[in-house]
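Close look at the chain arrangement
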Amino acid sequence: MIRGESGTGKELIAHALHHHSPRAGKPFVRVNCAALPETLVETELFGHERGAFTGAQARRQGKFEQADGGTLFLDEIGELSASTQAKLLRVLQGREFERLGGNETIRVDVRLITATNKDLEKALAAGTFREDLYYRLDVFGIFVPPLRERRSDVLLLAEHFLAKYVRIHARKIRRISTPAIDMLMAYHWPGNVRELENTIERAVLVTDGDVIHGHHLSPTLQTAEASGTVVSRSLGEAVGVFESNLIQDALKSTRGNRAKAARLLGTTERILSYKVRGYGIDARRFRG
Ligand SMILES: Nc1ncnc2c1ncn2[C@@H]1O[C@H](COP(=O)(O)OP(=O)(O)O)[C@@H](O)[C@H]1O
Ligand SMILES: [Mg+2]
């Protein structure tokens, strides 16, 4: 189950998981649960037989069957209605289903990847998402942090998108100016990577010379207030941000093992734990 805000790259990760798996030669089928009306969910997922309902003129395979041997990606899983959640759970537990209006039992071999930007724990507490289904799906959780929490990715991604859109639009832009990079780094990116990609494409289109300058970036990036970050931080704050990033990187490479992370950073586990608490770093995120 891939969790993270909208635009952080969940769908891209689902694709990557599929394409780097032994199932890569088999289909990758995506279903956007948010876009499915309640009445269509069942036939979409499980298919139907000819004559199952008015207008069902031919048998139709559902997404589970289409994905046989490959991967089924259920996107926006947090939007499923109670009745669909119940049906899905039954299929996952029994590992078989029937097409709507049919009585032939169908078994498929699919790897299920799900994604949501919703706070499912809150939905569990509110009773709008089934706990049993949640535990079925959350076998291996992947959390994708928002872009504002991994600022070192901003520059890498900006250069990647620059190269991409320079190619697509056949422009001769060589680089992004330092002040423009500072603006990209300072902005809080509520739309995450998707917003950054749009920003760079727009900048490529409006830039006439060979350098992207600050004024080529979208208006939302132009003011310090909009950036959501104070432009001039105190030395103490700046060092704190730097230290927190170092600690998170160390925890990442030791999969959340504090003793090892402390050794990497040349400090003690006690000091590291103290700082982890102080910076509000959720060390559990790096486990597994
Ligand atoms: N690490 C990355 N490298 C390149 N492009 C990325 C990366 N992460 C996200 N993107 C791009 O950002 C956009 C949003 O990603 P997407 O996977 O649709 O996000 P989500 O499903 O979390 O809303 C897509 O165009 C995707 O290709
Ligand atoms: Mg998405």
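Quick caveat, the model's predicted, so the values are computed rather than measured. (Residues numbered from 1 in each chain as written. Chains lettered and ligands numbered in written order. Predicted model: local features only at pLDDT ≥ 70, side-chain atom pairs only at ≥ 80, totals over all residues. Heavy atoms only, no water.)

**Considerations on the overall build of the chain**
Within the chain, the regular secondary structure consists of 13 helices and 11 strands. Projecting the C-alpha coordinates of the chain onto the three principal axes gives extents of approximately 70 × 55 × 35 Å. Across the 288 residues that make up the chain, the buried fraction comes to 40%. Restricting to contacts in the chain with at least 6 residues of sequence separation, those with at least 24 account for 70%. (Helix = DSSP H or I, 4+ residues; strand = E, 2+ residues; numbered from the N terminus. Buried < 20%, exposed > 50% of the residue type's maximum accessible area, 1.4 Å probe, protein only. Contact = heavy atoms within 4.5 Å.)

**Digging into the sheet that holds strand β1 (residues 2-3)**
Ordered by their spatial adjacency, 5 strands build an open sheet running β2-β5-β8-β1-β9, and the pairing between neighbours is parallel. Each edge of the sheet is formed by a strand with only one pairing partner; in this case those strands are β2 (28-32) and β9 (142-143). As paired elements, strand β5 (residues 71-75) and strand β8 (residues 111-116) share 4 bridges and run parallel to each other. Residue pairing for β8: L72 is matched across the bridge by L112. (Pairing = 2+ DSSP bridges.)

**Quick word on helix α9 (residues 192-206)**
With 15 residues, α9 ought to run about 21 Å at 1.5 Å a step, and its terminal C-alpha atoms sit 21 Å apart, in line with that. Each element contacted by the buried residues of α9 is listed here: α7 (152-168), β10 (175-176), α8 (178-186) and β11 (211-212). (Expected span 1.5 Å × (residues − 1).)

**Topic: a nonpolar patch on the surface**
Residues F242, L246, L264 and L265 make up a contiguous nonpolar surface patch of about 380 Å² in total accessible area. With respect to the helices and strands, the residue L264 is situated in helix α12 (residues 258-264). Using a relative accessible area of 55% as the deciding quantity, one classes L264 as exposed. (Patch = residues over 30% accessible without salt bridge, like charges linked within 9 Å, V, L, I, M, F, W, Y side chains within 5 Å. Areas by Shrake-Rupley, 256 points an atom, 1.4 Å probe, with all protein chains shown as cover. Salt bridge = Lys/Arg side-chain N within 4 Å of Asp/Glu carboxyl O.)

**Comments concerning the pairing of β8**
In this structure, β1 lies alongside β8, joined through 2 bridges in parallel fashion. Opposite R3, over in β8, you have T116 as the bridge partner.

**Some details on the nonpolar core**
One finds L74, L88 and F129 to be the most contacted residues of the largest nonpolar core, which totals 27 residues. Among the secondary structure elements, those contributing two or more residues to this core are β2, α2 (38-46), β5, α4 (82-94), α5 (120-126) and α6 (131-137). When residues in this core are grouped by element, the largest group, 4 residues, is from α4. Contacts of L88, omitting those with residues within four sequence positions, involve F64, L74, I77, L80 and L133. In terms of nonpolar packing, the next biggest core, distinct from the first, is built from 24 residues, V166, I173, L196 and A203 among them. (Core = buried A, V, L, I, M, F, W, Y, C linked by side-chain atoms within 4.5 Å.)

**What about the pairing of β5?**
With 5 of its 5 residues buried, β5 lies for the most part within the structure. The alternating pattern of β5 places T71, F73 and D75 and L72 and L74 on opposite faces, both of which are buried. Here β2 pairs with β5 via 5 bridges, running parallel. Within β5, the residue paired with V31 across the bridge is L74.

**Description of the layout of surface pockets**
Any space left empty among the atoms is revealed by the rolling of a water-sized probe across them. Approximately 840 Å³ is the volume found for the largest pocket. Lining the largest pocket are 23 residues, and of these G141, I142, F143, R284 and R285 sit closest to its centre. Formed jointly, the lining of the largest pocket draws a minimum of three residues from each of two domains, domain 1 (2-143) and domain 3 (235-286). (1 Å grid on protein atoms, 1.4 Å probe; cavity = no way out; pocket = protein on both sides within 12 Å on 5 of 7 lines; lining within 4 Å. Points joined across faces, edges and corners; volume = space filled by probe spheres on them. Domains from an automatic or database assignment.)

**Examining the packing of aromatic side chains**
Within this structure, the stated rule accounts for 6 aromatic pairs. Considering the side-chain rings of Y187 and W189, the 4.6 Å spacing of their centres and the 85° angle between planes classify their relative orientation as edge-to-face. What links up through ring pairs into an aromatic cluster is the set F46, F64 and F97. (Phe/Tyr/Trp six-rings, centres within 6.5 Å; stacked < 30°, edge-to-face > 60°.)

**Digging into the domain arrangement of the chain**
The extent of an interface is frequently quoted as the accessible surface area lost upon association of the parts. Assigned domains within the chain: domain 1 (2-143), domain 2 (147-227) and domain 3 (235-286). Using only C-alpha atoms to locate each centre, domain 2 and domain 3 end up separated by 30 Å.

**Considerations on helix α1 (residues 10-19)**
K10, A14 and H18 are the residues of α1 that are buried. Taken around the axis of α1, the buried residues stretch over an arc of 80°, which confines them to a single face. At its buried positions, α1 is contacted by β1, β2, β5 and β8. (Arc of directions from axis to C-beta.)

**Topic: the packing of α2 against α4**
Interaxial distance between α2 and α4 falls to 10 Å at its minimum, and their mutual angle equals 15°. Viewed along their axes, α2 and α4 adopt a mutual orientation that is roughly parallel. Helix-helix and strand crossings are classified by hand; for α2 and α4 the assignment is right-handed. Here α2 contributes E38, V41, E42, L45 and F46 to the contact with α4, which in turn contributes S83, T84, K87 and V91. The class makeup of the residues in the contact of α2 with α4 is 4 nonpolar, 2 polar and 3 charged. (Axes fitted to C-alpha atoms, helices over the stretch in contact; angles between N-to-C directions. Parallel < 35°, antiparallel > 145°, perpendicular 65-115°, else oblique. Left-handed = near helix turned anticlockwise from the far one by under 90°. Nonpolar A, V, L, I, M, F, W, Y, C, P; charged D, E, K, R; others polar.)

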